[in-house]
Amino acid sequence: MSRDDVICSGPRYAIGFWSTPTESAPALDDKALTLRETLLNACRSDGLDPDLLPLLEDIATSCRVVSHLVQSGAFTGSLGAAGSTNVQGEAQQQLDVLANDVFVRHCSSSDRVAALVSEEVEEVYWLKDNPGPGDYIVYFDPLDGSSNLAINMCVGSIFSVVRLDREIDASDDRSVLLPGSSQICAGYSVYGPSTSFVLTTGNGVTGFTHQPGTGEFRVTHPDMKIGDTASEFAVNASRYAMWDAPLRRYFDECLAGQSGPRGQRYNMRWVASMVSEVHRILTRGGVFIYPCDEGNREQGGKLRLMYEANPMSFIIEQAGGRASTGLERILDVVPTSHHQRVAVFLGSKSEVDVLEQYHREAQQG
Ligand SMILES: O=P(O)(O)OC[C@H]1O[C@](O)(COP(=O)(O)O)[C@@H](O)[C@@H]1O
Ligand SMILES: [Mg+2]
Ligand SMILES: [Mg+2]
């Protein structure tokens, strides 16, 4: 088989090695709705605010550009540390900084955006002097799972949008401290074998996949739903010794399997990128856990409320799951700082219910 045979064997196998197609999902064609067509339908049928469309398209463009930057990182010399630290005290990757710049550039082009809040920048980016009703605030994690870059594992981006219903003070960063329940849309992208774009505007969750060639995001996962029950958990078990008793109880019972109190075997996954864990849970159920433990209690946990926990909780709830701190619904947490961290237990309802029950019982002593 010569290179030319491979190259010239019709469009489906233009590049790469020859393989016999096995039973798989039917190939999508250009009839699959694009992001824009889906949003226009949502304006007509779900009353989606049409003014949100340009901003959502700017966010989708940011994800396309970041996906390209990640994939071409080795050739543009943008893999590796940036030599700077962010407000969290974490060493920034060059791609953390580049991805942040991409989101800032694209999301500040809409004149309805009053402010941007990024994981990578301490202060709030104020884009309007007198933000008021109808203006948007965009919270984002430009690159999630950055520790995976060096090992070519999945990373992603996370975003959340709130629409203001009153004037706020652009000279005070505390003005952006709005609870997760005030989000009007949220989503994430996974830069993996393919590039996914998953979105909720408050009427369920839709999954799109980037179509090489056209650059379109097309619907591949309509109406994503999480089953109530699950048999897979994701937690960084290397922190076991630092966990509180309720989580240790939950974990031990899962590991006890069929003959244990939960009466079933559990599988475990840990990809070290929240976007990948949440995408797996939206695809096949499960629970994702990042607790507040001895090692991060001082900071209040690991994951950030405004641009990681809130958007992912909105998506999970819209897909029929639950998202809790262990003691309260994450979307009800009243924020005190725009970089605050929070304990995260999210996914299939039955597992989050049990985790909450164990935390409540421990609290009642
Ligand atoms: O290093 P650990 O304990 O595995 O933590 C992994 C977690 O940290 C994160 O990478 C934090 O996100 P960032 O990469 O955006 O800082 C999550 O995506 C992931 O779930
Ligand atoms: Mg992150
Ligand atoms: Mg990040």
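- The protein appears in an unreviewed UniProt entry as Fructose-1,6-bisphosphatase class 1 from Antarctobacter heliothermus.
- The protein has a UniProt comment under Pathway (unreviewed entry) that states "Carbohydrate biosynthesis."
- Here the protein is described in UniProt, under the heading Subunit (unreviewed entry), as follows: "Homotetramer."

**Some remarks on helix H9 (residues 349–364)**
Consideration 1: Given a rise of 1.5 Å per residue, 16 residues ought to cover 22 Å, and the 22 Å separating the end C-alpha atoms of H9 matches this to within 8%.
Consideration 2: All of the buried residues in H9 are Glu351, Val352, Val354, Leu355, Glu356, Tyr358 and His359.
Consideration 3: Among the structural elements, helix H6 (245–256), strand S13 (287–290), strand S15 (322–324) and strand S17 (344–347) are those in contact with the buried residues of H9.
Consideration 4: Positioned one or two residues after H9, Gly365 has a phi angle of 70 degrees, which is positive.

**Quick word on the side chain of Asn310**
Consideration 1: Mapped onto the secondary structure, Asn310 falls in helix H8 (residues 305–318).
Consideration 2: By relative accessible area, Asn310 is classed as buried at 2%.
Consideration 3: Not counting residues within four places of it along the chain, the set of residues in contact with Asn310 comprises Pro179, Gly180, Gln183, Leu305, Ile330 and Leu331.

**Some details on the sheet that holds strand S6 (residues 155–163)**
Consideration 1: A sheet is described by the order of its strands in space; here eight strands give the open sequence S4-S3-S5-S6-S7-S8-S9-S10, paired in mixed fashion. Where the open sheet ends on each side, the last strands, each with one partner, are strand S4 (125–126) and strand S10 (217–221).
Consideration 2: Relative to S4, strand S3 (residues 113–118) is paired through two bridges, and the arrangement is antiparallel. Following the sheet pairing, Ala115 is matched in S4 by Trp126.
Consideration 3: On top of the sheet, helix H2 (residues 35–46) reaches strand S8 (195–200), strand S9 (205–210) and S10; it is set at about 5 degrees to S8, its chief contact.

So, how was this worked out
Counting restarts for each chain: residues are numbered from 1 in the order of the written sequence. Written order decides the labels, with chains lettered from A and ligands numbered from 1. Local features are withheld for residues below a pLDDT of 70 in this predicted model, meaning they are given only at 70 or higher, and side-chain atom pairs are given and counted only at 80 or more; totals for whole chains, interfaces and linings count all residues. Side-chain numbers here rest on the full set of heavy atoms in the structure, without hydrogens or water. UniProt positions are given in the numbering used here, feature names are shortened, and annotations may be inferred rather than shown by experiment. Only runs of H or I of at least four residues qualify as helices and only runs of E of at least two qualify as strands under DSSP, and these elements are numbered from the N terminus. Expected helix span is computed as 1.5 Å times (number of residues minus one). Relative accessibility under 20% of the residue-type maximum defines a buried residue, over 50% an exposed one, and the middle range a partly exposed one, all with a 1.4 Å probe and only protein chains included. Whether two residues touch is decided by their heavy atoms; if any such pair falls within 4.5 Å, the residues are in contact. Two strands qualify as a pair provided DSSP detects at least 2 bridges between them. The axes used here are C-alpha line fits, helices contributing only the stretch in contact, and every angle between their N-to-C directions lies in the interval 0 to 180 degrees.

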